[in-house]
Every structure is written in C-alpha cells, then in structure tokens.
Amino acid sequence: MAEVSLKDITKIYDGNVKAVDKVNVEVKDKEFVVLVGPSGCGKSTTLRMVAGLEDITDGDLFISGKRMNDEAPKDRDIAMVFQNYALYPHMTVYENMAFGLRIRKFPKAEIEARVKEAAQILDIEELLERKPKALSGGQRQRVAVGRAIVRKPKVFLFDEPLSNLDAKLRVQMRAEISALHTRLQATIIYVTHDQIEAMTMGDKIVVMKSGLIQQIGSPLKLYNDPINRFVAGFIGSPPMNIALAEVIEEGGKIIAKEEGMTIVIPKDKEEVIKSYLGRKVHMGVRPEDLTFTKKPEANNLNASISVIEPLGNETHLYIDTKENQYIARSLPENEFKVGDEVNFTPNVDKVQFFDVETERSLFYSE
C-alpha cells in the first residue's frame, strides 16, 4: 500500500517567510492527486518536502504509515519527474534510465529488463541509444518518466512536467500520463499551475493559495461547488464571471441586481439570500451558463460585445455592461460583430453567490 499523509505540514524560510502553512492532505493508494494554484502558492515546495528535497519546518509526513520527516530522499521509495527533465547530457537514453538502478547495484539483467519494459510502455524503444540533445521535448519528457518507472517506486511525484512543451504536446502528454497511471496503478502526486491539467488528470484536486489549502475535492466538485470566490475564479476555462450585486426585494421577489443584469433568486435559495437584503454580494456565473437570446427576458444580461474569439466549435464573447465585463460561450452559427448590443439569459440555478468580506460561498455543501 502506497499511501501518503501530510499532517499540518509547514515550511518557513529564513526571515520568517511562511511558504506552506499547515497543509493536510491524504493521498490514498493508487490515487492521482493534483496540487494546483498560481505561482508562489506553495505547491512545489509541498511536493519537494514529500520528496525530501526540502526540510519540513513543522508537521509530519507519512508514506505507507511510516514517518518520513528525517529520512533521506533515497530511503523514501519515491521517484520524481522534474520540469526541466534533469537528464544527463553525456549519457544515452538507456544509460539515463538505468543510472539510478546501477547506483543501487541492481543486477545487470534486471536493469536491462526494467529499462526495456519501461521503454516499451512509453514507446521509446528506438531511442535508447540516442543522447538527450537528439531528442524532442516530448521525447525527453518520456525518458524522464521512464527513468522514474524503472525504479518501481511506491509514489511518483511530478513537478510541472509539461510546462516546457508546446500546446499540442501538452495535450498528448496529459493523456499519456493518465493512461500510464491506469496501467501502473500507481500513487501519483502531480503539481501544476494549469487548472486544465488538474481537471483532466486528477482523481482529487488540492487548490492552494498563499501557502494555504483552499479546497480539496474531485474536479466536478470544485467546478460545480467551489468553496470560495478564489476557487470559483481559478477553476474553469474561461473563468467564472464574478460581479458585485445588490440584494433587494422587489414585487415580492428577492433579486440580486448588477448594473447590467438582474437575477431573480430561486425559491430554494431565498432564505439564505434574504439575510443579505440591502447588502452587496459577489455573484458568479460561468460562461456556458449565459445563453444568447434575441429578446429581453426577466433574468437578463444586457451588454455590448467588445471582443470576439472564434474557436471553431464555439465562440467566446467578451461582453461589457456599464460596470463589468463578462465572458459568454456562443455557438459558431450565431454571427456577431464587435459593438453589437446583445441579451444573455443566465441559468439562475447555476449562479453562485459569495460573501463580500469572507469570499466564502453562501451555498457550499461539504
């Protein structure tokens, strides 16, 4: 069993700079967990503490039930894939993949069997005699992954492994790493700043900001039920539209009103929203939940188009009210021009509301 448990893990650098603050994460055996967040949020530092490349200031790290705080990296039975591949330029692909096993004095026959098995899994058998300078970025990344596979570790650690690849290769490698996880039934902790990678690859996502965990959950849980405004805006591409709205009562109905949009609160949400009468809330709606309509309706966003981004299968419209800019998804057959006055109807059942001061969702459910 390869379980990883982080209990109140904290990292403080010189000058009392707290990079990671009491992080608690449970990684189950064979689980693919992604740490995601903006640059400087502490995700890579957390991964490096698991690997033993950074000392743990406070808290406890357990791998397979054993406390690992004071164990050397080589004794933790983990393998790490770095952002820059970290291949030895003077060695062939075979030698790079075999190096760690040779240091540990594995028998030559076993080394050869493990390297060939990993090369077959990654489809790099024809590259074994080449040196890294003769490889493309994607091929180098496969070699770096292969070097980890031959170790047959308890836990794989990936530190932004796709960030140096072009867009097409990133998509391809995402699929390959996900397939590799399924094939190896491995425990993986994966760090990225790219929320699309997180959403498409992880069984469980840990969203971090400023050294603190914001929310842990499945991709769909984070997308549909974000705990706070930060998670709502960070998860999703294009991001959720968030605007300041005033809660009022009008004609016996509870309404959230922004300069260009009025939302009639559904009956099942009225009790919570009522406590905000006369106050402001942050109102969030995802681009796909804004539907184009040719005539004004009760719940309506009236705006003008400032930017059009055609993507083939869909079009992204940047639409401006007097106070805010929204992004809406539209079908490509809807023909628009910059400057057009448009009407969009939000799906009121999908609209999110957040407290202005705490930024916490008013309807988050554990």
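The model shown is predicted, which means the values in this text are computed figures rather than measured ones.

Draft legend 1. Broad picture of the overall build of the chain. For the chain, the count of helices and strands is nine helices and 20 strands. Seen through its principal axes, the chain has C-alpha atoms that stretch 80 × 45 × 35 Å. Across the 366 residues of the chain, 51% fall into the buried class. Excluding contacts between residues fewer than 6 apart, the proportion of contacts in the chain whose partners are at least 24 apart in sequence is 67%. In the structure as shown, the chain presents an accessible area of about 17,700 Å², 48% of it carried by carbon and sulfur atoms.

Draft legend 2. Looking closely at the layout of surface pockets. Roughly 510 Å³ of internal volume is contained in the largest pocket. As for the largest pocket, its lining consists of 19 residues, and the residues nearest its centre are Met80, Phe82, Arg104, Arg147 and Arg151. Elements represented by at least two residues in the lining of the largest pocket include exactly strand E6 (78-81), helix H2 (93-103) and helix H4 (137-149). Lining of the second largest pocket is provided by 15 residues; of these, Tyr223, Asn224, Asp349, Lys350 and Gln352 occupy positions nearest its centre.

Draft legend 3. Quick look at the nonpolar core. Met97, Val115, Phe158, Tyr190 and Val207 are the most contacted members of the largest nonpolar core, which totals 51 residues. The greatest single-element share of this core, amounting to six residues, is contributed by helix H3 (residues 108-122). Sequence-distant contacts of Met97, defined by excluding residues within four places in its chain, comprise Val115, Ala118, Ala119, Ile124, Leu128, Val143, Gly146, Arg147 and Val150.

Draft legend 4. Quick look at the pairing of strand E14 (residues 280-285). Extensive coverage of E14 is indicated by the burial of five of its six residues. Bridge count for strand E11 (residues 241-250) against E14 is six bridges, and the pairing is antiparallel. Each residue of the ladder has a partner; that of Asn241, found in E14, is Val285. Summarising the sheet, E14 and strand E20 (residues 352-355) pair through four bridges and their orientation is antiparallel. Bridging from a neighbouring strand, Met283 pairs with Phe353 of E20.

Draft legend 5. Quick look at empty space enclosed by the protein. Summed over the entire model, instances satisfying the criterion amount to two cavities of 30 Å³ or more. The volume enclosed by the largest cavity comes to roughly 50 Å³. If you list the elements that add at least two residues to the lining of the largest cavity, you get strand E2 (17-27), strand E3 (32-36) and helix H1 (43-51). The dominant element in the lining of the largest cavity, judged by the number of residues it contributes, is H1, at three residues. Its residues assigned to classes, the lining of the largest cavity shows eight nonpolar, one polar and no charged. In terms of lining residues, the second largest cavity is bounded by Val145, Ile149, Phe156, Phe158, Leu180, His181, Leu184, Ala186 and Ile188. Elements with a contribution of two residues or more to the lining of the second largest cavity: H4, strand E7 (155-159) and helix H5 (167-184).

Draft legend 6. Representation of the side chain of His316 within the structure. With respect to the helices and strands, His316 occurs in strand E17 (residues 315-320). Classification of His316 as buried rests on a relative accessible area of 8%. Of the polar contacts made by the side chain of His316, one reaches the side chain of Glu314; its length is 2.9 Å. Sequence-distant contacts of His316, that is, excluding residues within four places in its chain, are made with Pro238, Val307, Ile308, Glu309, Leu311, Ile327, Ala328 and Arg329.

Draft legend 7. Seen up close, the pattern of salt bridges. Under the counting rule described, the total for this entry stands at 19 salt bridges. Among the salt bridges present, the one from Arg67 reaches Asp60, with a minimum N-O distance of 2.7 Å. Overall, the relative accessible area of 40% leaves Arg67 in the partly exposed class. Overlapping salt bridges bring together Lys11, Arg48 and Glu54 as one network.

Draft legend 8. A look at the environment of Ser304. Locating Ser304 in the fold gives a position in strand E16 (residues 300-310). Given the relative accessible area of 21%, Ser304 is considered partly exposed. Linking Ser304 and Lys269, residues 35 residues apart in sequence, is a C-alpha distance of 30 Å. Among all residues touching Ser304, those that are not within four sequence positions of it are Tyr318, Ile319, Asp320, Gly339, Asp340 and Glu341.

Draft legend 9. Representation of the sheet that holds strand E5 (residues 66-67) in the model. The sheet built from four strands is open, its strands ordered E2-E1-E4-E5 with antiparallel pairing. If you trace the sheet from one side to the other, it starts and ends with E2 and E5, each paired once. As paired elements, strand E4 (residues 58-63) and E5 share two bridges and run antiparallel to each other. Bridge pairing in E5 links Ile63 to Lys66.

Draft legend 10. Highlighting the environment of Asn302. Along the polypeptide, Asn302 turns up in strand E16. Classification of Asn302 as partly exposed rests on a relative accessible area of 40%. If near-sequence neighbours (up to four positions away) are discounted, Asn302 is found in contact with Gly260, Thr321, Val342 and Asn343.

Criteria and cut-off values
Residues numbered from 1 in each chain as written. Predicted model: local features only at pLDDT ≥ 70, side-chain atom pairs only at ≥ 80, totals over all residues. Heavy atoms only, no water. Helix = DSSP H or I, 4+ residues; strand = E, 2+ residues; numbered from the N terminus. Buried < 20%, exposed > 50% of the residue type's maximum accessible area, 1.4 Å probe, protein only. Contact = heavy atoms within 4.5 Å. Areas by Shrake-Rupley, 256 points an atom, 1.4 Å probe, with all protein chains shown as cover. 1 Å grid on protein atoms, 1.4 Å probe; cavity = no way out; pocket = protein on both sides within 12 Å on 5 of 7 lines; lining within 4 Å. Points joined across faces, edges and corners; volume = space filled by probe spheres on them. Core = buried A, V, L, I, M, F, W, Y, C linked by side-chain atoms within 4.5 Å. Pairing = 2+ DSSP bridges. Nonpolar A, V, L, I, M, F, W, Y, C, P; charged D, E, K, R; others polar. Polar contact = N/O pair within 3.5 Å; in protein donor to acceptor, adjacent residues only side chain to side chain. Salt bridge = Lys/Arg side-chain N within 4 Å of Asp/Glu carboxyl O.

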